Amino acid sequence: MKKTGAEILIDCLKKEGVKHVFGYPGGVVLNIFDVLYDEKDVKLILTRHEQGAIHAADGYARASGKIGVAIVTSGPGATNTVTGIANASMDSIPMVVFSGQVPTMLIGNDAFQEADIVGITRPCTKYNYLVKDVKDLAQTVREAFHIASTGRPGPVLIDLPKDVTAGKGDFIWPEHIKIRSYNPTYEGNKWMIKQAAHEIAKAKKPVIMAGGGVILSGASKELRELAEITQVPVTMTLMGLGGFPGTSELSLGMLGMHGTYYANMAVQEADLLIGIGVRFDDRVTGRVASFAPHAKIIHIDIDPTSIKKNLRVDIPIVGDVRHVLKDMLKVIKEDVKEPWDAIRKSWLKQVKAWKQERPLHYTYDEEKIKPQFVIEKLHELTKGDAIIATEVGQNQMWTAQFFKFDKPRTLLTSGGLGTMGYGFPAAIGAQLACPDKLVIDVAGDGSIQMNIQELATAVINKLPVKVAILNNGYLGMVRQWQELFFKERYSHTHLESGNPDFVKVAEAYGAVGLRASKPEEVVPVIKEALKVKNRPVFMDFIVDWKEKVYPMVPAGAAINEMMFDEEKKEEKKLKAVK
Amino acid sequence: MRHTISVLVENKFGVLSRVSGLFSGRGYNIESLSVGETIDPKISIMTIVTTGDDQIIEQITKQLNKLIDVIKVVDFMEIDHVEREMVLIKVSPRKEDRIEVLKLAEIFRGRIIDSGFSTFTIETTGDEGKINAFIELIKPFGIKEFVRTGKVAIAREKAKK
Ligand SMILES: Cc1ncc(C[n+]2csc(CCOP(=O)(O)OP(=O)(O)O)c2C)c(N)n1
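Calculation criteria
- Residues numbered from 1 in each chain as written.
- Chains lettered and ligands numbered in written order.
- Predicted model: local features only at pLDDT ≥ 70, side-chain atom pairs only at ≥ 80, totals over all residues.
- Heavy atoms only, no water.
- Near = heavy atom within 4 Å.
- Polar contact = N/O pair within 3.5 Å; in protein donor to acceptor, adjacent residues only side chain to side chain.
- Areas by Shrake-Rupley, 256 points an atom, 1.4 Å probe, with all protein chains shown as cover.
- Helix = DSSP H or I, 4+ residues; strand = E, 2+ residues; numbered from the N terminus.
- Nonpolar A, V, L, I, M, F, W, Y, C, P; charged D, E, K, R; others polar.
- Patch = residues over 30% accessible without salt bridge, like charges linked within 9 Å, V, L, I, M, F, W, Y side chains within 5 Å.
- Salt bridge = Lys/Arg side-chain N within 4 Å of Asp/Glu carboxyl O.
- Buried < 20%, exposed > 50% of the residue type's maximum accessible area, 1.4 Å probe, protein only.
- Arc of directions from axis to C-beta.
- Contact = heavy atoms within 4.5 Å.
- Pairing = 2+ DSSP bridges.
- Right-handed = clockwise from strand over helix to strand, strands pointing away.
- Axes fitted to C-alpha atoms, helices over the stretch in contact; angles between N-to-C directions.
- Buried area = accessible area lost by both parts, 1.4 Å probe.

All names here are of chain A. Close contacts around the ligand come from 17 residues, with Gln394, Gly418, Gly446, Ser447 and Gly476 the closest. Between methionine 420 and the ligand, the recorded distance is 3.4 Å, taken from a backbone N or O atom to a nitrogen atom. Compared with its free state, where it exposes 590 Å², the ligand has 77% of that area covered by protein. Within the residue set of the shell around the ligand, elements represented by two or more residues are helix H17 (394–402) and helix H20 (476–485). The element contributing the most residues to the shell around the ligand is H20, with 3 residues. A class-by-class count of the residues in the shell around the ligand yields 7 nonpolar, 9 polar and 1 charged.

Residues and elements named next belong to chain B. Where nonpolar side chains cluster on the molecular surface, the patch consists of Ile99, Leu102 and Ile112 and spans about 250 Å² of accessible area. With respect to the helices and strands, leucine 102 occurs in helix H3 (residues 98–107). Residue classification places leucine 102 among the partly exposed positions, given a relative accessible area of 33%.

Since there are 3.6 residues in each turn of an α-helix, residues three or four apart along the chain are aligned in direction. All names here are of chain B. Within H3, the full set of buried residues consists of Val101, Leu104 and Ala105. Burial along H3 is one-sided: seen end-on, the buried residues are contained in an arc of 100 degrees. Every exposed residue of H3 that faces more than 90 degrees away from the buried side is listed here: Ile99, Glu106 and Ile107. Buried positions along H3 lie against strand E5 (81–91), strand E6 (111–115), strand E7 (120–126) and helix H4 (128–138). A positive phi of about 50 degrees marks arginine 109, the residue just after H3.

Residue and element names in this part refer to chain A. Of the two faces of strand E2 (residues 20–23), both are covered, the one formed by His20 and Phe22 as well as the one formed by Val21 and Gly23. The sheet contact formed by E2 and strand E3 (residues 43–46) spans 4 bridges and is parallel. Across the sheet, residue valine 21 finds its bridge partner in E3, namely leucine 44. For the handedness criterion, the β-α-β arrangement of E2, helix H2 (residues 30–37) and E3 is classed as right-handed. Bridging between E2 and strand E4 (residues 68–72) involves 2 bridges; their strand directions are parallel. If you follow phenylalanine 22 over to E4, its bridge partner there is alanine 70.

Residues and elements named next belong to chain B. Here 4 strands make up an open sheet; going across it, the order is E2-E3-E1-E4 and the pairing antiparallel. Bordering the open sheet on either side are strand E2 (30–37) and strand E4 (70–75), each of which pairs with just one other strand. Neighbour-to-neighbour, the strand axes of the sheet open up by a mean angle of 15 degrees, direction not taken into account. Direction of pairing for strand E1 (residues 2–10) relative to strand E3 (residues 43–51): antiparallel, over a ladder of 9 bridges. Among the inter-strand pairings, isoleucine 5 is bridged to a residue of E3, identified as isoleucine 48. Running over the sheet, helix H2 (residues 54–66) touches E1, E3 and E4 and is turned about 160 degrees from E4.

With that settled, the discussion passes to the interface of chain A and chain B. How large an interface is tends to be reported as the accessible area lost when its parts come together. The partner chain B presents 20 residues to the 19 residues of chain A that form the contact. Interface of chain A and chain B: buried area, both sides summed, is about 1,600 Å²; carbon and sulfur atoms make up 48% of it. Inspection of the chain A/chain B interface yields 3 salt bridges. On the surface where chain A and chain B come into contact, there are 13 residue pairs in polar contact (both at pLDDT 80 or more). Grouping the constituent residues of the side of chain A that touches chain B by class yields 7 nonpolar, 4 polar and 8 charged.

In this section: the pattern of salt bridges. If you walk through the whole model with that rule in mind, you get 44 salt bridges over all chains. Arg180(A) serves as the salt-bridge partner of Glu10(B), at 2.8 Å between the closest nitrogen and oxygen. Taken together, the positions of Glu10(B) in strand E1 and Arg180(A) in the loop between strand E8 (168–169) and helix H9 (190–202) put the pair across two chains. In this structure, Asp540(A) engages Arg515(A) in a salt bridge whose closest nitrogen and oxygen atoms are separated by 3.0 Å. With a gap of 25 residues between them, Asp540(A) in strand E20 (residues 537–542) and Arg515(A) in strand E19 (residues 512–516) connect regions that are remote in the sequence. Salt bridges sharing partners connect three or more residues here, namely Arg2(B), Glu31(B), Glu83(B), Glu128(B) and Lys151(B).

Let us look at unusual backbone geometry. Residues and elements named next belong to chain A. Of the consecutive residues tyrosine 550 and proline 551, the connecting peptide bond is found in the cis state with omega at -5 degrees. Its location among the elements puts proline 551 in the segment after E20. Although it is not a glycine, lysine 487 adopts a positive phi angle of roughly 50 degrees. By secondary structure assignment, the location of lysine 487 is in the loop between H20 and helix H21 (502–509).

Moving on, we get to the sheet that holds strand E16 (residues 411–412) of chain A. All names here are of chain A. Taken together, the 6 strands give an open sheet; going across it, the order is E16-E15-E17-E18-E20-E19, and neighbouring strands pair in parallel fashion. Single-partner strands in this sheet number two, and they are E16 and E19. Bridge count between strand E18 (residues 466–471) and E20: 6 bridges; the pairing is parallel. Its bridge partner being in E20, isoleucine 469 is matched across the sheet by aspartate 540. Contacting E18, E19 and E20, H21 crosses the sheet at an angle of about 170 degrees to E19.

Right, dumping it as structure tokens:
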């Protein structure tokens, strides 16, 4: 029996095991939406903006490890997805986006709502397709899901002209798939792995630097084993947080621009740096020429283009992080028998001394809510058992610093692109993927207004996403730079006068709105929010607008050239207020 | 260093822009580019001439290899090979120079493929040096127009394993 392209598409999604699709309708995707009307197995979640749909699909993917899927219309619908797609691309998130397109015979004619989305998204997708014939549809969808989720994952876009979704064909699902020019390398070179294992044994001051690749490849267990056996301290990039337990003795927390003192010091002193699933972003390395100056560098990554891109590497290992770590563990257990505790003793002592010398720090205040205090309380009251999304800015960095992530896929944050407006829709996606989990978005008052309309999506779907707005009345991170580097000329970063009453906004959408203006209100507000089970909650925390993120490595400096909070000497102990 | 890189790709629409977009998006320069089908009509071959230090060339070849439609990348720098390009030159010599131009064309194994009252169009192929020399010598006689293809390259048989 012949089926329409739209029916074939939905059949394909079912074959791929897709349960949720995020999207927004329009003229040229009506055939698809019409099929979805009666569909039970594939549920469309209507967002209020296409960018929201893509970020939701992205959050869904990050939280669950499955592929995020979105469907949007042509022209403006498709162009609205570009930020979300670029965001997913930078962070290597598996995603398939379907965009409607004008009928094939009108393509290139400046037809109504036409945009060359395949052209527009070429540089920010892993791959993209224009399907010109319904008979190619199933094969294309199969390939797209395969490409999106294998190798270094990434977003794939499929452009579907209206006549293709309306046209009829047979549904033939290709069980096997082979793309001749696409063969990711999973196994690392055995000889190199052996070399690396021996370097780890030889090193006096080794540091592991774990990135998002650890989480994407599901290698947390192997990483932990490696670190624990060989007694090597682990620092993580923003994308790597949760890949190794933040509460472990061996954890150095995050490194880089807003990394911990001890992580940055350890890297700069190290004689061996083991980069695992990282791409040595400039926010992490600071001035590249001065990065890890004494270290031999081992770099493990599935993407050969990441290796030696901006850093010299002594032992490059191309392969899937989990496979490589498994092999490396084998070598270490069988061939490399070192008295690990003894040979690491003095290095770990040094690391501990750095930790004690300058722990992450802020000054508690009786009058004003310190944003870091809110994050600490969130961690405490949830016992760390939550999925945390963030927006971008100070809120993101404080979360990275003060919420000790212990498990992978519990931090959803826009690492590569730094997209304000990512966190809230991503949290919605995560909540759908993990209905039994507590999901919290930590936001700034600026960022939350980038996709605040998704409150409707959360309310309609009864999603109890909690949003903690660290409301400082400013585009805080930009203000921080203006304060430090632009003589406090706060050019266009003041938001307070135009901010809405976030409690009322929440209520207007049918969500719960709560506010804390004083430190003692923080805990009751969080507790109240945690009780809400079937609706989203906005927690509006009026925080000290002057607070800055420290330590800070100024752009272009080496990562041990850190600036610290000048108020340290007035430190009052947090214990006093518990 | 200057490299001639040949890239075997799936013959699909959009592939050329993926390849050229890779170069422009990363700030690499393409000096010349030529594309054509191979014996297998499903596969095309691109010959790209580009410059960069070792690190850039390594990135370029890795990035090309990473593109989904790329089947194989060969950097001819590492391989004994032959290179050719072609040029079409329209000259309008003075009457007394016409013989001289024809002689020059002959020396360079050029062929006259069109002629008018006062012009010849000469075709010649060769490696870059030869083409450059030919253009330089013809120049004084008045070049009206000329077009030059990108380079094509192929490995020498004995160099193949
Ligand atoms: C879409 C987008 N536009 C602009 C920026 C630049 N930017 C980075 S941080 C920031 C300020 C964020 O302010 P807010 O959301 O209030 O968070 P805070 O830093 O105060 O925690 C801006 C404007 C960005 N990252 N993303």
